[in-house]
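# Summary of the model geometry
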Amino acid sequence: MDIIGYLGLGFSVALDPINILYCFIGVLLGTLVGVLPGIGPTATIAMLLPITFSLSPAAALIMLAGIYYGAQYGGSTTAILINLPGESSSAVTAIDGYQMAKKGRAGHALATAALGSFFAGTVGTLLLAFFAPPLARAALNFGAPEYFALIVLGLLVSIALAHGSILKALAMIVLGLLLGMVGQDIYTGTPRFTLGIRELYSGLNFVSVAVGIFGVAEILRNLENEKGRDVMVKSVKGLWLGKEEFKRIIAPVIRGTALGSILGILPGGGHILASFASYSAEKRLSKQPEEFGHGAIEGVAGPESANNAAAQTSFIPLMTLGIPAHPVMALMVGAFILQGITPGPNVINDQPALFWGIIASMWIGNLLLVLLNLPLIGLWVKMLSIPYRALFPAIVLFACIGCYSINQNIFDVFAIGFFGILGYVLIRLGCEPAPLLLGFVLGPLLEEHLRRAMIISRGDPMVFLERPISATLLGLALLAVIIAVLPSIRKKRKEVFVEED
Amino acid sequence: MLAKFSLRELLAGGIFVLAGAYFALEALNYEVGTAFRMGPGFMPLLLGAVLAMLGIGVAASGWQKPDTEKPLPPSWRGIALIIGVVIFFGATIRGLGFVPVVFIGAFGSAMASRINSPLFAALLAAGLTVLCTAIFVIGLGMTVPWFGPWLGQ
């Protein structure tokens, strides 16, 4: 079958009424958590993971993927209307989007964001369809040393893209790796770090760790400083773009899509970097750079396209190699495993209907998002008036109920509390939680592949440098760290991430 | 001497050193093995040592950079109530059953916010109890009693 045939297969799966329904639920929930500041896709997907247990694999993954890219969409609405990024990646959209809203052009800003995101989502999905199969074929030849090198690369690149201290990010990764080792050793069955607790023999529950660190810790953080928020725009009019504006956004949308597609593949939050990179590129290329910061439509079009393109292409490493690029993708790995599927290069051959179904559903999801966001914008504006103080109790309960329902194990619930406090303390001390979660997911894989590689090579660590692919990957990893440490880049990183906090 | 350090970095580094030391020392109780045949203790020992060293590095990086801005004080009430609700949920879900635990949990966590009045918290808790019961117990068929054995059901 050629790519058209595969896409046809994909659409036949994605257009199944049940799957359309779950895709719709996914993008609807995604838009909702994207619109509401204070809840992100990471915590939402972690909470809903247990629920997907009872769904078919295709429906479950289609829904979870929808939450992720739906949130990228919804985040821009909040950024434009109340100058608060609903999602970290829409922080840049707030700069010019909010200024446009203040001048009574909220409708234009929202339409630009929606159309740019739809175009970017379409391109990103097509890229995924074209590049995933050859990459997966190449990955089938990977042995243990190559996988080990790939995981090291993924972990190290994620620090280069994280903001804040590099030492702290490295320490968080290592702490995550160690937490991932709690439980029975895969080769000998020796229980490790279980403190004599039987429930820990199968390891720490991934959902508890994610919900604790991303959900509960975030709530504790928000409770430090409670304040209401104002919605300035009560109703949105004038969604149709004029010819003049249409012309102005075409080039930024295309450039943003290209930047986002490339940066999205990188581990560690490429979508945030992509929107910042696109904004500074547009500002530099513009004939009226002084307009930026005062409601330039290009400043909305570029970054919004970039973060949506990145949201789609960040599925590439997951679907082809089984390696998650950032915490949300790590949760998707969890979702695959809950369904009894090991994500990786084999999925495309063993489960073509699932693989292509997910890809096709992404395009349908993007289409649904345009319909959801433009005609129904009034609904989302109303949503913004739900106060945070009414939302967080629901998050706490959903987290507890969700975790408990996976294994009916009360120990998983206690673990949420533990990781909530740990995450809160570490965040207060300036340590980012994302690398820890990435390390936690990849820890067991890293150990397994390292041990296997050393058995193959009879204990000779040179095996990683003698095999060309693993040597190249390790070289790239080293390069990523060197670049991150260079003073000039450090300064640049500071500038790029400064507006996020 | 201590005044010249950033307290934030010192504390963060301290946590990493403690965690690294725990994992490394505990790993010594397991078979470490050789590079050829690694035992269950090999990776944790190595990573624990690395983490402890990174922790020292983090603490040292705060040298001569004392904290300038004072962070917001933590909301002790929030921490106590939210973590309390999580522990309460785990401890009583089997005994009290879904409905009472969710109601009390929702009320407790709503009270974590300084701006929520008890009346608002009670109304929110009632609403959330209905919503959660509808979604999880009726909708998703979660196997948990509505009212548990402690209530004589």
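Definitions and limits used
Residues numbered from 1 in each chain as written. Chains lettered and ligands numbered in written order. Predicted model: local features only at pLDDT ≥ 70, side-chain atom pairs only at ≥ 80, totals over all residues. Helix = DSSP H or I, 4+ residues; strand = E, 2+ residues; numbered from the N terminus. Rg over C-alpha atoms; globule rule 2.2 N^0.38 Å. Core = buried A, V, L, I, M, F, W, Y, C linked by C-beta atoms within 7 Å. Buried ≥ 20, exposed ≤ 12 C-beta atoms within 10 Å, placed from the backbone. Contact = placed C-beta atoms within 7 Å. Expected span 1.5 Å × (residues − 1). Axes fitted to C-alpha atoms, helices over the stretch in contact; angles between N-to-C directions. Parallel < 35°, antiparallel > 145°, perpendicular 65-115°, else oblique. Left-handed = near helix turned anticlockwise from the far one by under 90°.

Here the focus is the overall build of chain B. Each helix and strand in chain B was counted, giving five helices and zero strands. When its helices and strands are written in sequence order, chain B yields α-α-α-α-α. Here chain B has a C-alpha radius of gyration of 24 Å; the compact-globule value for 153 residues is 15 Å, and the former is much larger. Reported as C-alpha extents along the three principal axes, the dimensions of chain B are approximately 55 × 50 × 25 Å.

Core analysis: the biggest nonpolar cluster contains 229 residues, and A:Val211, A:Cys400 and B:Leu51 have the highest contact counts within it. Counting residues per element, this core draws most heavily on helix H4 (residues 57–82) of chain A, which supplies 17 residues.

Taken together, the contact pairs 53 residues of chain A with 56 residues of chain B. The dominant element in the side of chain A that touches chain B, judged by the number of residues it contributes, is helix H18 (residues 388–407) of chain A, at 11 residues.

Further remarks concern helix H5 (residues 118–139) of chain B. Helix length check: H5(B), at 22 residues, gives a terminal C-alpha distance of 29 Å against a target of 32 Å (1.5 Å per residue), a fit within 8%. Inspection of H5(B) places B:Ala121, B:Leu124, B:Ala125, B:Leu128, B:Thr129, B:Cys132, B:Phe136 and B:Val137 among the buried residues, and these make up the whole buried set. Residues of H5(B) that are buried in the fold lie against H18 of chain A together with helix H4 (98–110) of chain B. The first or second residue beyond H5(B) is B:Gly141, which carries a positive phi of 60 degrees.

Let us look at the packing of helix H9 (residues 206–223) of chain A against helix H3 (residues 76–96) of chain B. Contact geometry of H9(A) with H3(B) gives a least axis separation of 9 Å together with a crossing angle of 155 degrees. Taken together, H9(A) and H3(B) sit at an angle that is classed as roughly antiparallel. For the pair H9(A) and H3(B), the sense of crossing is right-handed. Contacts from A:Val216, A:Ile219, A:Leu220 and A:Leu223 of H9(A) reach H3(B) at B:Gly78, B:Ile79 and B:Ile82.

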